[in-house]
Amino acid sequence: MQIPRWLVAVPVPPPPSGAPPAPRGMPRMSSTFSEMMFADLVPMVEKNYRVAPGRENRAMAGLSMGGFQTFNTGLTHLDKFSYLAGFSGNCGGGGNFDPKTSCSGAFEKPTEFNKKIKLLYLSTGSVEGPRVKQFSEELKKIGVENVYYESPGTAHEWLTWRRSFYDFAPRLFR
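Owing to the predicted nature of the structure, the values given are computational and were not obtained by experimental measurement.

Caption draft 1: Structural context of the packing of aromatic side chains. As enumerated under the stated definition, the model contains 12 aromatic pairs in all. Between Phe97 and Phe107 the ring centres are 6.2 Å apart and the planes differ by 50°, which places this aromatic pair in the tilted class. Placement of the pair is Phe97 in the loop between β3 (83-87) and α3 (110-116) and Phe107 in the loop between β3 and α3, with a sequence separation of 10 residues. Both residues of the pair, Phe97 and Phe107, belong to the buried class. The interplanar angle of 50° and the centroid separation of 5.1 Å between the aromatic rings of Tyr121 and Phe168 together place this pair among those described as tilted. You can see Tyr121 sitting in strand β4 (residues 119-125) and its partner Phe168 sitting in helix α5 (residues 158-168), a full 47 residues away along the chain. The pair Tyr121 / Phe168 is uniform in exposure class, with both members buried. One aromatic cluster is present, formed by Phe71, Phe97, Phe107, Phe113 and Phe135 through successive ring pairs. Above the ring of Phe38, the side-chain terminus of Lys80 is found at 5.5 Å from the ring centroid.

What counts, and at which threshold
- Residues numbered from 1 in each chain as written.
- Predicted model: local features only at pLDDT ≥ 70, side-chain atom pairs only at ≥ 80, totals over all residues.
- Heavy atoms only, no water.
- Phe/Tyr/Trp six-rings, centres within 6.5 Å; stacked < 30°, edge-to-face > 60°.
- Helix = DSSP H or I, 4+ residues; strand = E, 2+ residues; numbered from the N terminus.
- Buried < 20%, exposed > 50% of the residue type's maximum accessible area, 1.4 Å probe, protein only.
- Lys NZ or Arg CZ within 6 Å of the ring centre and 35° of its normal.

So this is what it looks like as structure tokens:
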């Protein structure tokens, strides 16, 4: 019997009071979520559920700001996840992408990044705006493999994210 793998869906916690302002154009995020995930959530899931442990058996996905949190956490902990997805969320699209500094420098060495991640998935609604698509294209230009999905005729809404998840889920753990 095959042991199931697992996916973390990302809620976005509020930043702690007194947190410093976010960099220009980026939401303020707390490291509290990442710390809690690795200290509490991952050990609890692996202890109480029949899941295979280790990065090869873990995915993380989030929608909207949760997509940003997914990249904020996942790209700085590539030793913990093999699959990352942002549904209407990313960490560097919009024209100011620099592989050495954007997204904590995770894409500075594209070949090494591609060896670590089995799937980097980006999606958006077709009427949502160009940022996620631009981010996917910027990554492809520097050689970072990613899958881009665009939900036809939808915006920043549940239908976009349901369609994205429907496209994303069968790509996991192959």
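Having seen the structure, we can now continue with the description.
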